[in-house]
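So you can see what is in the structure, the chains are spelled out below.
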Amino acid sequence: MKRLGNIAAQTAMAAILAFALLPWLWMLLSSLRPDADLTANPVRLMPTGLTLANHIELLRRTSFAENLRDSLIVATGAVTLGLALALPAAYAFSRYRFPGRGALRITFLVVNMFPVVLLILPLFLLMRRLGLIDTYFALIGGHATFTLPFAIWLLTSYVDSIPASLDEAAAIDGATLPQIVIHVILPLALPGVVAVATYLFIASWNEYLFALMLGGRDVRTVTVALQLFIGENAIQWGLLMAAGSLVALPATMLFLLAQRRLAGGLTGGAVKG
Amino acid sequence: MREAATPYALLGPALAATALLVLFPAAQTVWTSFHQLILFRPKSQPFVGLDNYVWALGDPVFWQSLTRSLLWVVASVGLQFTLGFITALLLHRRFAWRGIARALVVVPWALPSVIIGLIWTWMLDFNLGLINTLGVRLGLLDAPVAFMSQPGTALAAVILAVVWQGFPFFAVTLLAGLQGIPAELYEAASIDGAGPLSRFVHVTLPGLAGVIATALLLRMIWVANSLDLILVMTGGGPGTATQTLPLHAFLTAWSGGDFGHGSALAVLLSLLLLGVVVAYVARSKPA
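Since this is a predicted model, take the numbers as computed values, not measurements. (Residues numbered from 1 in each chain as written. Chains lettered and ligands numbered in written order. Predicted model: local features only at pLDDT ≥ 70, side-chain atom pairs only at ≥ 80, totals over all residues.)

*Asks:* Help me understand the overall build of chain A in this model?
*Replies:* A tally of regular secondary structure across chain A gives 14 helices and 0 strands. N-terminal to C-terminal, the α/β element order of chain A is α-α-α-α-α-α-α-α-α-α-α-α-α-α. Buried positions account for 47% of the 273 residues belonging to chain A. Pairs at least 24 apart in sequence give 76% of the contacts found in chain A among residues at least 6 apart. (Helix = DSSP H or I, 4+ residues; strand = E, 2+ residues; numbered from the N terminus. Buried ≥ 20, exposed ≤ 12 C-beta atoms within 10 Å, placed from the backbone. Contact = placed C-beta atoms within 7 Å.)

So, in structure tokens, the structure goes:
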């Protein structure tokens, strides 16, 4: 009876895993097939051959290499700016008790729930007035700020786990506050900081609406470019699948590496409380 | 004196960025919602009082979008939660390939909405899609279905895509919750003669209640706000068959160039979500 239950459970798990992975694998496989394979009717399930022709054509003949570069710059910038803003804020929330602390923490939580559509139109007008439309700065600022609440929340719990006596010891030795944060907190909280950085990178890399509204021409990230390809080359599935698999790979890899810490931080508060 | 100012100085940059790029735009949307603002005539912005709201509430499209949003949130979050919960319960058991399964099941969650839309549009394509091919070959479908061009199936398709994207979130959070329930509770329940079902109802569910409530709230807000997946897959169509409230607001403002009306819709959406959050906080406080 027990063995039968185990077999049933593993079969169910295998089915769920297939549901999770098959669409992703089908995209990957489609990107590696010759074009004739993709448009064959009736559809061929097994490929007649594997080729990188779609990827090569994508990088040679379209602007996709530049789009990848833009995405990389924006995401790296968002990670840098996001950490620079979130780490001092998390340190303040973790180490100090000051008037307004509770209200500010709630402000950051509430901000997290604002619909993007509430912000995107005035942000567009603001950036246009500042002459920042279609610049890296607009996208980096938008992405870093929008992910700030979650970054602060996660980092606060990581800083909380570092004993305050270490800060005090460093202060007695004459370290200034920036020195304490950089030389004491940062190394000890490094696993958490890496997890948050990964989250910031993926969030920025994957983001579409800000990138569409605040960028689009001079600065065009991969998500926006991909969506435009869908509009332009509705029939060129090979190129689309190659673009899709190139965009999906970094996010998937980073996520697989960091997921344990992210999930732990995400649920930590809820599980304890 | 310097000590007291330190936390504010540390928070300063984060607060300034949030004020400039979140709070100020939000306030401006509220302001715009009381004015007439057409994108192509930005110079004239007459105050129109509640006209934009009267227009929104009097427009049948608003109520259709609201109903569709409710259906979208309830159906997709309900299915994500159910599938995610089952996955978490399965992953909580011991079996040889559990570590791999646990790691790989999160893959859909890591992908951008644009790719998810692309993958499912490709899977569901009328001529070349895997689902139509397999469906017909296995005898599940009589003929290929044009999923994306019929109202009912288009809505089902975007819900399928968002369920695929979101169930790993529930699987991962609920699994963490399950692992936080002390094993002694199960042992004690067994000694008291509780069977598997009784243990699930009396130990697992109460132990998970907090995690479930938080995960449901976070995901509901995310799904209610999200418009990129639908925008990418259907653009709200065919007709307005997949147009939810945020998409209605976005299209009114952006494609229609009517920022006044769009802002009123965005504010209405925010008020509805705020109501949900307040109800959640009020309910969870006494417990």
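Following the structure, the description resumes.
*Asks:* I keep staring at the overall build of chain B and nothing clicks. Help me out?
*Replies:* Per the secondary structure count, chain B includes 13 helices and 0 strands. When its C-alpha atoms are laid out on the principal axes, chain B stretches across 75 × 75 × 35 Å. Residues classed as buried in chain B amount to 44% of the 287 residues present. For chain B, the proportion of contacts with a sequence separation of at least 24, taken over those separated by at least 6, is 67%.

*Asks:* Honestly, the interface of chain B and chain A in this entry has me stumped. Any pointers?
*Replies:* Where interface size is given, it is often the accessible area lost as the parts come together that is meant. Contact residues are listed per partner, giving 67 residues for chain B and 71 residues for chain A. Sorting elements by how many residues they give to the side of chain B that touches chain A places helix α1 (residues 2-32) of chain B first, with 14 residues.

*Asks:* Could you clarify how one ought to interpret the packing of helix α4 (residues 64-95) of chain A against helix α8 (residues 148-160) of chain A in this entry?
*Replies:* Between two packed helices, both the angle of their axes relative to each other and the distance between the axes serve to describe the pair. Residues and elements named next belong to chain A. Contact pair α4 / α8: the axes reach a minimum separation of 8 Å and the direction vectors enclose 50 degrees. The pairing of α4 with α8 is recorded here as oblique in orientation. Between α4 and α8 the crossing geometry is right-handed. Across from Gly-82, Leu-85, Ala-86, Leu-87, Ala-89, Ala-90, Tyr-91, Phe-93 and Ser-94 in α4, the residues of α8 making contact are Leu-148, Ala-151, Ile-152, Leu-155, Thr-156, Val-159 and Asp-160. (Axes fitted to C-alpha atoms, helices over the stretch in contact; angles between N-to-C directions. Parallel < 35°, antiparallel > 145°, perpendicular 65-115°, else oblique. Left-handed = near helix turned anticlockwise from the far one by under 90°.)

*Asks:* What exactly am I supposed to notice about the nonpolar core here?
*Replies:* Where a protein is soluble and globular, its nonpolar side chains tend to be buried together. Counting 165 residues, the largest nonpolar core has Ala-86, Ala-89, Ile-120, Ile-152, Leu-155 and Ala-243 of chain A together with Val-158 of chain B as the members making the most contacts within it. It is helix α8 (residues 151-179) of chain B that provides the largest number of residues to this core, a total of 17 residues. Aside from chain neighbours lying at most four places away, what touches Ile-120 of chain A is Leu-209, Phe-210 and Met-213 of chain A. (Core = buried A, V, L, I, M, F, W, Y, C linked by C-beta atoms within 7 Å.)

*Asks:* I keep staring at the environment of Ser-149 of chain B and nothing clicks. Help me out?
*Replies:* On the secondary structure map, Ser-149 of chain B appears in the loop between α7 (130-137) and α8. Between the C-alpha atom of Ser-149 of chain B and that of Glu-187 of chain B, which follows or precedes it by 38 residues, the distance is 54 Å.

*Asks:* Can you walk me through unusual backbone geometry in this structure?
*Replies:* Residues other than glycine predominantly adopt negative phi, and peptide bonds predominantly adopt the trans conformation. Omega for the bond connecting Gly-237 of chain B with Pro-238 of chain B falls within 30 degrees of zero, at 0 degrees, which places this linkage in the cis form. A positive phi angle is found at Asp-134 of chain A, which is not glycine, with a value near 70 degrees. By secondary structure assignment, the location of Asp-134 of chain A is in the loop between α6 (116-129) and α7 (136-146). According to the C-beta neighbour criterion, Asp-134 of chain A is partly exposed, with 16 such atoms within 10 Å.

*Asks:* How do you make sense of the confidence of the model for chain B when you look at a structure like this?
*Replies:* Detailed reading of the predicted model is not advised wherever pLDDT is low. Confidence in the prediction for chain B averages 91 pLDDT; 98% of positions are at 70 or higher. The ipTM value of the predicted complex is 0.90, and its pTM value is 0.90. (pLDDT = per-residue confidence, 0-100.)

*Asks:* Would you mind showing me how to read the packing of α8 of chain A against helix α11 (residues 190-206) of chain A here?
*Replies:* All names here are of chain A. Relative to each other, α8 and α11 sit at 170 degrees, their axes nearing to 9 Å. One finds that α8 runs roughly antiparallel with respect to α11. Seen from α8, the contacting residues are Ala-151, Leu-154, Leu-155 and Tyr-158; seen from α11, they are Gly-192, Val-196 and Leu-200. Residue composition of the contact of α8 with α11, grouped by class: 6 nonpolar, 1 polar and no charged. (Nonpolar A, V, L, I, M, F, W, Y, C, P; charged D, E, K, R; others polar.)

*Asks:* Can you help me understand the environment of Arg-217 of chain A in this one?
*Replies:* For Arg-217 of chain A, the location among the structural elements is in the loop between α12 (209-214) and α13 (222-232). With 205 residues separating them along the chain, Arg-217 of chain A and Ala-12 of chain A place their C-alpha atoms 46 Å apart.

*Asks:* Which parts of the structure should I look at to understand the environment of Ser-69 of chain B?
*Replies:* All names here are of chain B. Checked against the element boundaries, Ser-69 lands in helix α3 (residues 60-91). Counting along the chain gives 18 residues from Ser-69 to Asp-51, while the straight-line C-alpha distance between them is 23 Å. Excluding residues that lie within four positions of it along the chain, Ser-69 makes contacts with Ala-224, Thr-244 and Leu-245.

*Asks:* Looking at this structure, how should I read the confidence of the model for chain A?
*Replies:* Predicted confidence across chain A gives a mean pLDDT of 88, with 93% of residues reaching 70 or more. Taken as a whole, residues 267-273 of chain A scores under 50 in pLDDT and shows 14 contacts with residues more than four places along the chain or in a different chain.

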